[in-house]
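What the coordinates show
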Amino acid sequence: MSYIVFIDFDGPLFPKRTFLMNENKNIFQSQKCKELKLHPYITYWKMDQMAVGMLNNFAERGAKFVLSTSWSQLHDLPTLENLLKVNGFNGEIHKDWHLDFNQEDLNRSQQIKKWLDSHPEYNQKYIMIDDVVSAPEIAKPDLMKMYGLDPSRIFLVDENNGILMKQYHDMLKFFPS
């Protein structure tokens, strides 16, 4: 049985520190974004390589990934898979690869709960990696419980620094070794 990792892009994979990387700030960055067919709104492409390595480790332990990012509203799956691959990601994206952002009355947590309700086999086999900026309600454990989500499976990263090693080790506890 596999596990699900709900992964946001901005914050976890693109913390603000990645904007200091040459690939995300030099004159070639816009050319690379066009080459990758990223939406004109997106002006960076190089992910935090430590975060990508962490996700690859989860994949080696049986994780599949669901993209819980607004990037899935701007791009199709082949474009995002290519972006991930160019950044060294070798995990598997679940066939139901993103949240239903068409329901604007639902916040991100409710969208994740809806996804889990449609996939009961993952009911206690998931983690969420996000940041407070993208989904402020996730920082409220009582609200998460009310939505039927386990707050211990929610990992909020710092938008500036991304996934910290302590968080990574805490996440590993949810995967078989």
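Along every chain, residues carry numbers that run from 1 in the direction the sequence is written. The predicted nature of this model means local features are confined to residues of pLDDT at least 70 and side-chain atom pairs, given and counted, to a pLDDT of 80 or more, with totals for whole chains, interfaces and linings taken over all residues. Only hydrogens and water are set aside; all other atoms, that is, all heavy atoms of the structure, feed into the side-chain values.

**A closer look at the confidence of the model for the protein chain**
Rules: Residue-level confidence of the predictor is what pLDDT reports, using numbers from 0 through 100. Each helix corresponds to a stretch of at least 4 residues labelled H or I by DSSP, and each strand to a stretch of at least 2 residues labelled E; elements are numbered beginning at the N terminus.
Of the residues in the protein chain, 98% have a pLDDT of 70 or more, and the chain-wide mean is 92. Per-element mean pLDDT across the protein chain ranges from 88 in helix α6 (residues 141–146) up to 98 in helix α4 (residues 77–86).

**A short note on the layout of surface pockets**
Quick note on the threshold: In this analysis, the protein atoms alone were mapped onto a 1 Å grid. Cavities are point sets where a 1.4 Å probe fits without being able to get out; pockets are open sets with protein on both sides within 12 Å along at least five of seven lines; lining residues have an atom within 4 Å of a point. Grid points are joined across faces, edges and corners, and a volume is the space filled by probe spheres set on the points.
Computed from the structure, the largest pocket encloses a volume of approximately 180 Å³. Lining the largest pocket, in full, are Ser 72, Gln 73, His 98, Leu 99, Asp 100, Phe 101, Asn 102, Gln 111, Lys 114, Trp 115 and Ser 118. Put simply, the parts of the chain that give the lining of the largest pocket at least two residues each are α3 (71–74) and α5 (108–118).

**Comments concerning the pairing of strand β4 (residues 126–131)**
Our working rule: A simple rule labels every residue: compare its accessible area, found with a 1.4 Å probe on the protein chains alone, to the largest value its type can have, and call it buried under 20%, exposed over 50%, or partly exposed in between. At least two DSSP bridges between two strands are needed for those strands to be called paired.
Burial runs high along β4: six of the six residues are buried. Side chains Tyr 126, Met 128 and Asp 130 of β4 all project onto a buried face; the interleaved residues Ile 127, Ile 129 and Asp 131 project onto the opposite face, where all are buried too. Judged from the four bridges that link them, strand β1 (residues 3–7) and β4 form a sheet pairing that is parallel. Paired with Phe 6 across the bridge in β4 is Met 128. Inspection of the sheet shows β4 paired to strand β5 (residues 154–157) by four bridges, in the parallel sense. Residue pairing across strands places Ile 129 opposite Phe 155, the latter belonging to β5.

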